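Spelled out, the chains give:
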Amino acid sequence: MEMKETVLKKFKELFGEREGVKAFFAPGRVNLIGEHTDYNGGHVFPCALTIGTYGAARVRTDRKLRFYSMNFDRLGVIESDLDDLVSKKEAGWTNYPKGVMWAFEQKGFLIPNGMDFLIYGNIPNGSGLSSSASVEVLTGYMLRDFFGFDVSNQDLALIGQYAENNFNGVNCGIMDQFAIAMGKEDNAVFLDTADLSYTYAPIKLDGMKLVIACSNKKRGLGDSKYNERRSECETALAELQKVIDIKGLGDLTEEQFEQSKTAIKDPVRVKRAKHAVYENQRTVHAVEALQSNDIEKFGQLMNASHVSLRDDYEVTGIELDTLVEEAWKVEGVIGSRMTGAGFGGCTVSLVKDEAIDRFIDQVGKAYLAKIGYAADFYVVEVGDGPRAL
């Protein structure tokens, strides 16, 4: 609860009285397996984390919006207005909450009053643990709480994605917002992105933990090769649809893909589509492995996922490859792979408790020696979804 007190205290300092102020939390997320499948109609397997974004807010009597982030305190209070919900480069991080407000209004939920809005996130920024989606879900949750909008948590995820796509211009899939809005303690979400059907799969990590290694290589999603990969897959899908009746690459088994891949006219697109198909199948098998308590198999599938992202999808880069390849050398590491969009960001590793210190030491030293700057490590736990504090 000390985080709640921290944001409320800072809120009072900046915006005066605490009357009518409420505090909220939305988690970050990590995807355990199923990368770059979410826009290809495949499965993903993310979980919410115990780290995330804390917020405090109060409804105003006018239409003014005042935003403050404790993570970017040098920016001070950024002012805006409900009648000026447009994306502006100089608005920085406030484009995320503003995008969600805009999206609510687009969907017919008119926001009657402005707000004072303060956030503090303990997700490493730019790490690929979805700080932006966390802020989006937090904002949506807050708006529902204050104004009584009739939307489900699943709607909050869709609204967040709509805002990111249409307000902020990042062509993201549904996974991040869904994993955060629908997070459940000690469970990961097995989500079929083709139709948003999902089940919870219990993750009982007895004697082991998830360790996130942050490469500290800065990346911007919108200007990375992310959109390029999406269009390569879309073209490959259109080529395949001439010979086989499918809606998305996620509809294919490995065998079906191998039989019909000659329809794809470019060898690079063949590799991209192969990753989408095989990664989707790996994700299905990984969940089966967990359900039958075969954690070793789960780890092997994580490793295979990284190899495919490195060789077929080509989204890893030297930083992520170094983190993963060094992780594989450490005894007690069950599996390790890049997670998120790639080109920087993070890896996720499943590490036995007794090996965690050795893992951080060994991988950290090797990374620093090879890359020239340090990686950061976070031992994380599977957490719950968004909530009022």
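Residues numbered from 1 in each chain as written. Predicted model: local features only at pLDDT ≥ 70, side-chain atom pairs only at ≥ 80, totals over all residues. Heavy atoms only, no water.

All right, on to empty space enclosed by the protein then. What the rule picks out here adds up to one cavity of 30 Å³ or more. In this model, the largest cavity occupies a volume close to 50 Å³. Taken together, Leu-32, Ile-203, Leu-205, Leu-210, Leu-290, Ile-295, Phe-298 and Leu-350 form the lining of the largest cavity. Grouping the constituent residues of the lining of the largest cavity by class yields eight nonpolar, no polar and no charged. (1 Å grid on protein atoms, 1.4 Å probe; cavity = no way out; pocket = protein on both sides within 12 Å on 5 of 7 lines; lining within 4 Å. Points joined across faces, edges and corners; volume = space filled by probe spheres on them. Nonpolar A, V, L, I, M, F, W, Y, C, P; charged D, E, K, R; others polar.)

Our next topic: unusual backbone geometry. For residues besides glycine, phi is generally negative; the peptide bonds are generally trans as well. In the Ramachandran plot, His-36 falls in the positive-phi region, its phi being about 60° despite a non-glycine side chain. Relative to the helices and strands, His-36 is located in the loop between strand S1 (22-31) and strand S2 (43-44). Non-glycine residue Leu-196 carries a positive phi angle of around 60°. By the secondary structure assignment, Leu-196 is in the loop between strand S7 (187-192) and strand S8 (197-202). On the basis of relative accessible area, Leu-196 is assigned to the buried category, the value being 17%. (Helix = DSSP H or I, 4+ residues; strand = E, 2+ residues; numbered from the N terminus. Buried < 20%, exposed > 50% of the residue type's maximum accessible area, 1.4 Å probe, protein only.)

Let us now look at the pattern of salt bridges. As enumerated under the stated definition, the model contains 27 salt bridges in all. In this structure, the salt-bridge partner of Arg-60 is Asp-116, at a minimum N-O distance of 2.9 Å. Separated by 56 residues along the polypeptide, Arg-60 in the loop between strand S3 (46-59) and strand S4 (64-69) and Asp-116 in strand S6 (residues 115-121) bring together distant segments of the chain. As far as the burial class goes, Arg-60 and Asp-116 line up, both buried. Overlapping salt bridges bring together Glu-228, Arg-229, Glu-232, Lys-271, Arg-272 and Glu-314 as one network. (Salt bridge = Lys/Arg side-chain N within 4 Å of Asp/Glu carboxyl O.)

Taken in spatial order, the four strands make up an open sheet running S10-S11-S9-S12, and their pairing is antiparallel. The strands lining the two open edges of the sheet, one partner per strand, are strand S10 (333-339) and strand S12 (376-380). With strand direction ignored, the average angle separating the axes of adjacent strands in the sheet is 20°. One ladder, built from seven bridges, connects strand S9 (residues 208-214) with strand S11 (residues 346-352); its direction is antiparallel. (Pairing = 2+ DSSP bridges. Axes fitted to C-alpha atoms, helices over the stretch in contact; angles between N-to-C directions.)

Moving on, we get to helix H4 (residues 153-166). The first and last C-alpha atoms of H4 sit 20 Å apart over 14 residues, in line with the 20 Å expected at 1.5 Å per residue. Among the residues making up H4, those that are buried are Leu-156, Ala-157, Ile-159, Gly-160, Gln-161, Ala-163 and Glu-164. Taken together, the buried residues of H4 touch helix H2 (95-106), helix H3 (131-147) and helix H5 (175-181). (Expected span 1.5 Å × (residues − 1). Contact = heavy atoms within 4.5 Å.)

The subject of this paragraph is the environment of Pro-202. Residue placement: Pro-202 occurs in strand S8. Here the alpha-carbon distance between Pro-202 and Asp-155, two residues 47 residues apart in the chain, equals 24 Å. Beyond its immediate sequence surroundings of up to four residues, Pro-202 is in contact with Asp-186, Asn-187 and Leu-290.

Looking at the element boundaries, Ser-336 is found in strand S10. With a relative accessible area of 0%, Ser-336 lands in the buried category. Discounting residues that sit within four places of it in the chain, Ser-336 has contacts with Met-302, Asn-303, His-306, Val-324, Ala-327, Trp-328, Val-348 and Ser-349.

Read from one edge of the open sheet, three strands run S2-S7-S8, paired in antiparallel fashion. Either end of the sheet is taken by a strand with one partner, and the two such strands are S2 and S8.

The next thing to look at is the environment of Glu-279. With respect to the element layout, Glu-279 can be found in helix H8 (residues 267-291). We classify Glu-279 as buried; its relative accessible area is 0%. When the C-alpha atoms of Glu-279 and Asp-312 are compared, they prove to be 11 Å apart, with 33 residues separating the residues in sequence. For Glu-279, the residues in contact, after removing those within four places along its chain, are Ile-33, Gly-34, Glu-35, Thr-37, Lys-274, Ser-305 and Arg-337. Of note is the side chain of Glu-279, whose polar atom sits 3.1 Å from the backbone nitrogen of Gly-34. (Polar contact = N/O pair within 3.5 Å; in protein donor to acceptor, adjacent residues only side chain to side chain.)

Turning to the packing of aromatic side chains, a few remarks are in order. Counted by the stated rule, this structure contains 20 aromatic pairs. Judged by centre distance (5.5 Å) and plane angle (75°), the rings of Tyr-39 and Tyr-226 are edge-to-face. Pair noted here: Tyr-39 is in the loop between S1 and S2 and Tyr-226 is in helix H6 (residues 226-241), with a separation of 187 residues, a long-range link. Note on accessibility: Tyr-39 and Tyr-226 belong to one class, buried. For the ring pair Phe-359 and Phe-377, a centre distance of 6.0 Å and an interplane angle of 85° mean the geometry is edge-to-face. Of the two residues, Phe-359 is situated in helix H11 (residues 356-371) and Phe-377 in strand S12; the sequence distance between them amounts to 18 residues. (Phe/Tyr/Trp six-rings, centres within 6.5 Å; stacked < 30°, edge-to-face > 60°.)

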